[in-house]
Amino acid sequence: MRLWLPQASSSAAESDYLMLALVLAACAVLALVFGLIFVYVFKYRAGSGRDRGAIMEKTWRIEVAWTAATLLVFFGLFLWGGDLYVRLFRPPANALQIYIVGKQWMWKAEHQGGQREINALHVPAGRPVQLVMTSEDVIHSFFVPAFRTKRDVLPGRYETLWFEATTPGKYRLFCAQLCGAGHAQMIGEIVVMPEPDFQDWLAMNGGTGSGSMAEQGKILYMRNGCSGCHGGIGAGGAQSASTVPAPSLAGLYGSPVTLDNGEVVIADEGYIRDCILVPEKRRVASYPPIMPSFSGILGEEDVLKLVAFIKSLAPEVQR
Amino acid sequence: MSEATIAHEFQYSSASHQEESAIAGMWLFLATEVLFFGALFLAWIYARHFNQAGFDTGARETALAIGTANTVILITGSFAYSAGLAFAENGHNRLLILCCTIAWLLGLAFMILKFGIEWRDDFNRHMFPGPDFAITGPPGGGARLFWVFYFFGTFIHGLHLAVGLGLVAWIVWRASRGDFSPKYHTPVTAVGLYWSFVDVVWLILYPLIYLIGRAP
Amino acid sequence: MSVAEIEAPKPGRSYLTEGLTIRSWLFTTDHKRIAILYLITITIFFFIGGIAAAFVRYNLIAPEGMIGSAETYNRLFTMHGVVMVWFFLVPAVPVTLGNFLVPLMIGARDLAFPRINLLSWYLFVLAGAVVLYALFTGGLETGWTFYTPFSTLYSRGNVAAAALAIVISGFSSIATGLNFIISIHRLRAPGMTWYKMPVFLWSLYATSVILVLATPVLAMLLLLLTFERIFHIGVFDPAAGGDPLLFQHLFWFYSHPAVYIMILPGMGVISEIVPAFSSKPLFGYKFVVWCSIAIAVISFLVWGHHMFVSGQSLFSALVFSLLSFMVAIPSAIKVFNWLGTMHKGFIRFDAPMLYAIGFIGLFTVGGLTGLFVAALAADVHFHDTYFVIAHFHYVMVGGMVSAYFAGLHFWWPKITGRNYPEMWGRAAALIIFIGFNFTFFPQFILGYLGMPRRYHSYPPEFQDLNVLSSAGATILAAGYLLPLFYLTWSLLRGERASANPWGATGLEWKTSSPPPSENFAVTPVVTEPPYNYPLREATHSHV
C-alpha cells in the first residue's frame, strides 16, 4: 500500500507543506473535539455523581474568543493557499511552451519543433514549462499528481498551466474531468529528462519531416489564403503589401489591440485563436468586419500551428 | 358579514389572519419567480457581453411596433385589474367583473399579437434559429444566439401569462357567483399581484429584446 | 386573537386512526400524514441510491473494474448522485421531520398552506417517477453535475428527462420552503417570540430561505440545459457563441447553497438532541441561531470554489477562497456550542445521542477537510480526486445522514406512538460509525495520492485502499439496513410510547404520542425560554 507521492516539481514541496499544515491544524481541532467528547462522556454521564458546580451564565466572552481564534487560523490558511496559487497562476516569461490538445479519449502533445506525442509528454528538468491547452470536444482536465498541478481543458478556448519539473522520472498523467466512457482510460505519462537528454530526444523525434510548428503554420497560412488579406510573408518575416484592409500580423503577438467597443486587449494565444475561428467576438477598431471564420475548416491543431507561426513574427516575445 | 362568521382554516385565528398569510405567501412566491427569471436575464446579458455585435445585428430584426403595442396593452391590463381590485374592496361586484374581463381581453390580445402575429412573422422572415436562419456571416452566430433568447424568453413569459389568463378567468367566475365582498377578496388581491408581476417581467424583456442594440 | 376550544381527545384517537382508507391518506391535508407519505417515499429513494453505491464500491475492488462496462459504471455513480442529492438529502429532514414537527413546535394546528403541502408531495412523486424512468431506460452518465458540453452534445443518456425530473422536484422543494417560512412568521402560538423558538425551527427557516431563493436558479438552468439538449440552442456551446463556464457558474450558484439546504436541518436536529440528552440548556442559543442565518447568507457567496481550476479569473478565485473559509466559521461555532452544552451536563447514551455524538465527530472531520479544498493551492491538487469525495461524504453521510437517523429515532415515539428497541438502535449507530470511517477515511489518502473521481478503472497502486474502502462499505450497508428492520418491527410490536419519553422540552412533547389530528386541544401559550431544563440531575427513566 503506497502512502506517499513523489515531489517532482518545484512547487510540489511547498504544496505538501501547506497540506501538512492543514493536516496539523485539523488534527489539533479534532484532538480538542474528540478529546472533550471523550472526557465529557465519562465525567458528565448521568449518574456519575460528580458535582457539576456552577454553570457559566455569561457565555459571550468564550463565544467571541473561539470565534476570533478560528477566524485567525482560517485567515492564515487562506493567505498561504492564496499566495502559492497566485504564483502558480502566472507562468514565468521564459517558460518553454508546449501545446496540448485533449480529446475523447487521448492527450495529444505538440512541441514547438514539431515533435508530436500521444498520451505522453517529454519535458526537461530544471526549466519552467508552460502548457497551452485546448479540447476538441468536451471539458477534460490535465492532472499530474507528482507535480501537484491541474487545470481544466476547455473547448473553444485556451487554458494554461506551468510547472518546473525537478526530478527525472516518469509520472502519471490523469484526465480529471468526467468526459465520457473512456474517462478512466485517458491516462498518460510525463517523462522528465535532464536537459541534454531532452535536447537529444527532441532531435531524434523531430524527424517527421514537417518542420517546426511555426513552419507548418506558415504553410497553412499560405494554403488557406491568409496571405491574400494579411499579406505574404517574405524571407526575413517582412510583410508585403495587400490591397485589403486587414491588420498586420508582424509584431502582433503580445501587443495591445483596441477593439471596436473601446476595449483594449493583449493579443495572446487565445486572442489569435478567436480571430481565426470566431472573428465576430474580436472586431478590431478601424477595420471593417470582413474576416471570415475558419471554424469547421481548420481544426484545433491547425490553429495552434498558425498561432505558433504568428508568434514567430514577433521575435522579441517568442519563446 | 361580521368577521366571526367568515370561514377560515383551523390553523388560523381569524379570516384576516389567513388573508394576510395568503398574501405574504404570494409575495414570497413572486420572490422565487424573480430568481427564476433573474437567472435567465443573467445568462442573456452574459451571452450578449461576449457576442455584442451579433446580438445587436439580431436585435435590429425585432418588430418594435408590435413589441411597443404589447407593452402598452399589458400596462393597461394591469391598470384595469388594479381598478377591479379597488372596486372589489368597495363592494362594486359588477365593476370588478367588468375590469377583470377587460384585463383578460387585453391579455388575450397580447397573446394573439405575440404568438399569432409576431412569432409567425418572425418565422416567415427566417428569424427562428434553425437551419435556415436568415442572418449569416460573422455576426450570424451572435444574432442566432439573440434569437434563441428571444424565443425562449417570450415562450417562458407566455407560459406565465397563460397561467395568468386562467387565474383571471377564475376570478371572474368566482366574482360572478358573488364570492367576493369588501370583507373577503383575498384571491382577487393574490391574482392581482401575480398578474402585475408578469407585467413587470415583460417590462424587463421589452428593452432586452427591442431597445438594446437598436440604436445605430 | 381568538382561541378555538376543542373538546379533549378520546383515548386511542390520533392522526393515525382518523381515517383508515387509502383515500384518507392520499387526499389528506394533515401535515403529519403528509410527513409519513414523504417518509415512505424518501426511504425508497435512499435504498435505490444506496444500491447504486453498493455497485460502485463493488466495481472498485479490482483495478480493471469488476463491472465490465465503463458506461454502466458511469451510469451507476450518476444515479447514486442524482438520487441521493435531489431525492434524499435535499428533502430528507424538511419533508419528514420538518413537515411533522413545524406546526407542533410553533404550537399551531397545521402549516400555513396544507393543500400546497400535499401538492408538494405529489410533485415529488411525479419527479421521482420521471427520474427513475430516465435513470433506468437509457440511463445518465454525466455525473450529477451535468457539465456541458458533454451533457448537451456528447452524452448518450436521458439528459433532458433527468433534468426535467429535477426541475419538478425543485417546485416541490420551493413549495415546502415557502410553507415553512410563512408558517414560522405567521402561525406561532401566543408567547412564542422568535427567541423562544427551538433551534430546529430556526434551522428550517434558514434552510427554507435558501430553498426558495436558490432552487429557481437551478430550474431555469435545467430548462436551458433541456432546450440545449433537444434543440441545440447553443447557450453553452462555444462553437455557437455560448460558454460552457456559464453552465458551471449557474449550476454551482444553486448547488453550493444546496449543500447547506442539506446540512442545516441536520444541525437543527442535533441542537435539539444534545440539550435533551445532556438535560441542559443549549449553550449559546443566540449564537447558534445567528450562525444558522449566517451560513444561509454566506452560502450564496462561495460557489466559485468549485471552479478554482476551471478557468475563472485569479481575483474571483481569491475572493471565493476567502469567503469559503469564512463560511466554515459559523459551523465551527456550532460544534463548540454543542460541546459547551455537554459540558457539566447529565449525559445519557440513548440511540439519538449516539448518532448525535457521531455527527459531531464526523461532521467536524468533514468540515475541517473542507478547509483543505478551500485553500487555493491545495485545491489545485485535490480538485476532482477522491479527497473531495471523502470530504463531502463525511459532511453529507457522516454528518447529515447520521443527523437524520438521530432525529428519526428521537421523534419516532412522537410520530408513531411506539418505542423502538433501544439496544438495536445503539448497535446500529455504532456499526454505522465504524463502517462509515472504514469506507471513507481511506479515500482521503487515495485523493492525495492522485486517484481521480469517477474512474471506472484505476492504476494498480490504488487497489489496497479501494479494497479497504469497499470492505467498510459492506459494514456501513449492514448498519443502514438494521433500522429498516427494527423500526418497522416497532410499528407492529414496539411498546407504546408516552407523551414525553425523553423528558425533553418543546411544545411537541406536550401533546400525546402520536398527536391528535388537530395537534393541540387548546392553543398553547408559551412563557418559558427554549431548552428550559432544570439544572439538576435528571430523575426520570427512559420509558
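All of these numbers come straight from a predicted model, not from anything done at the bench. (Residues numbered from 1 in each chain as written. Chains lettered and ligands numbered in written order. Predicted model: local features only at pLDDT ≥ 70, side-chain atom pairs only at ≥ 80, totals over all residues.)

K.L.:
Mind showing me how you'd approach the overall build of chain A here?
P.N.:
Scanning chain A from terminus to terminus reveals seven helices and 12 strands. Against the 2.2 N^0.38 benchmark of 20 Å for 319 residues, chain A shows a C-alpha radius of gyration of 27 Å, more extended than a compact globule. Seen through its principal axes, chain A has C-alpha atoms that stretch 100 × 50 × 40 Å. The buried share among the 319 residues of chain A stands at 37%. At a minimum sequence separation of 6, the contacts of chain A that also span at least 24 residues come to 66%. (Helix = DSSP H or I, 4+ residues; strand = E, 2+ residues; numbered from the N terminus. Rg over C-alpha atoms; globule rule 2.2 N^0.38 Å. Buried ≥ 20, exposed ≤ 12 C-beta atoms within 10 Å, placed from the backbone. Contact = placed C-beta atoms within 7 Å.)

K.L.:
So what exactly am I meant to see when it comes to the interface of chain C and chain A here?
P.N.:
Many analyses report the size of an interface as the accessible area lost when the parts associate. On the side of chain A, 68 residues touch chain C, which itself brings 70 residues to the contact. Elements with a contribution of two residues or more to the side of chain C that touches chain A: α3 (70-89), α6 (150-154), α11 (314-342), α12 (351-374), α13 (376-382), α15 (422-449) and α16 (463-493) of chain C. Among the elements that line the side of chain C that touches chain A, the one with the most residues is α11 of chain C, at 14 residues. Of the residues assigned to the side of chain C that touches chain A, the class counts are 47 nonpolar, 16 polar and seven charged. (Nonpolar A, V, L, I, M, F, W, Y, C, P; charged D, E, K, R; others polar.)

K.L.:
Any chance you could explain the environment of A206 of chain C here in plain terms?
P.N.:
All names here are of chain C. Turning to its location among the elements, A206 is positioned in helix α8 (residues 199-231). Taking the C-alpha atoms as reference, A206 lies 18 Å from W303; in sequence the two are 97 residues apart. The residues touching A206, leaving out its near neighbours within four places in the chain, are L264, S292, I293, I295 and A296.

K.L.:
How should I be thinking about the sheet that holds strand β4 (residues 120-124) of chain A in this particular structure?
P.N.:
Pairing between sheet strands relies on hydrogen bonds along the backbone, with the strands arranged either parallel or antiparallel. All names here are of chain A. Pairing in this open sheet of five strands is mixed, and the strands run β4-β10-β9-β6-β7 from one edge to the other. Strands with a single pairing partner mark the edges of an open sheet, and in this sheet they are β4 and β7 (149-153). Across the sheet, the axes of successive neighbouring strands diverge by a mean angle of 20 degrees, strand direction being ignored. Of the pairings in the sheet, the one linking strand β6 (residues 140-144) to strand β9 (residues 169-175) comprises two bridges and is antiparallel in character. Its bridge partner lying in β9, F142 is registered against C175. (Pairing = 2+ DSSP bridges. Axes fitted to C-alpha atoms, helices over the stretch in contact; angles between N-to-C directions.)

K.L.:
So what exactly am I meant to see when it comes to the packing of helix α9 (residues 244-278) of chain C against helix α14 (residues 386-416) of chain C here?
P.N.:
The relative placement of two packed helices comes down to the angle between their axes together with the axis-to-axis distance. Residues and elements named next belong to chain C. The N-to-C vectors of α9 and α14 enclose an angle of 45 degrees; their axes lie 9 Å apart at closest approach. The angle between α9 and α14 places the two elements in the oblique class. The hand of the α9/α14 crossing is left-handed. Across the interface between the two elements, M262, I263, G266, V269, I270 and I273 from α9 touch V395, M396, G399, M400, A403, Y404, A406, G407 and F410 from α14. Its residues placed into classes, the contact of α9 with α14 shows 12 nonpolar, three polar and no charged. (Parallel < 35°, antiparallel > 145°, perpendicular 65-115°, else oblique. Left-handed = near helix turned anticlockwise from the far one by under 90°.)

K.L.:
Even after reading the chapter, I still don't get helix α2 (residues 52-59) of chain B, so can you show me in this structure?
P.N.:
Note on helix geometry: an α-helix contains 3.6 residues per turn, so any two residues three or four positions apart are oriented the same way. Residue and element names in this part refer to chain B. The buried count for α2 comes to seven of eight residues, which makes it a mostly enclosed element. When α2 is considered as a whole, its buried residues turn out to be Q52, A53, G54, F55, T57, G58 and A59. For α2, the secondary structure elements touched by its buried residues are α1 (15-50) and α5 (140-176).

K.L.:
Please clarify how the confidence of the model for chain C should be interpreted in this entry.
P.N.:
Caution is warranted with low-pLDDT regions, since their predicted coordinates should not be read in detail. Residue and element names in this part refer to chain C. Looking at chain C, the pLDDT average stands at 93 and 96% of residues meet or exceed 70. A low-confidence stretch, residues 538-543 stays under pLDDT 50, and its non-local contacts, those more than four residues away or across chains, total 10 contacts. This prediction of the complex comes with two scores: 0.93 for pTM and 0.93 for ipTM. (pLDDT = per-residue confidence, 0-100.)

K.L.:
How should the interface of chain B and chain C be read in this particular structure?
P.N.:
On the chain C side, the residues contacting the 27 residues of chain B number 35 residues. Those elements that provide at least two residues to the side of chain B that touches chain C are α1 and α5 of chain B. Taken together, the residues of the side of chain B that touches chain C sort by class into 16 nonpolar, 10 polar and one charged.

K.L.:
Quick question: what am I supposed to make of unusual backbone geometry here?
P.N.:
Of all residues except glycine, most have a negative phi; of all peptide bonds, most are trans. A cis amide bond links Q104 of chain A with the next residue in sequence, W105 of chain A, at an omega value of -5 degrees. Turning to its location among the elements, W105 of chain A is positioned in the loop between β1 (96-103) and β2 (106-110). Following S513 of chain C, the chain continues to P514 of chain C via a peptide bond in cis, the omega torsion being -10 degrees. Residue position: P514 of chain C is located in the segment after α16. Phi angles above zero are rare outside glycine, and N119 of chain A is one such case at about 60 degrees. The residue N119 of chain A is located in the loop between β3 (116-118) and β4 in this model. A positive phi is found at S279 of chain C, a non-glycine position, where the angle reads about 45 degrees. As for its position among the elements, S279 of chain C is in the loop between α9 and α10 (285-298).

K.L.:
In this structure, what is going on with the confidence of the model for chain A? I would like to understand it.
P.N.:
Per-residue pLDDT for chain A has a mean of 88; in total, 94% of the residues score no lower than 70. Within chain A, no element has a lower average pLDDT than helix α5 (residues 226-230) of chain A, which sits at 84, and none a higher one than β6 of chain A, at 97.

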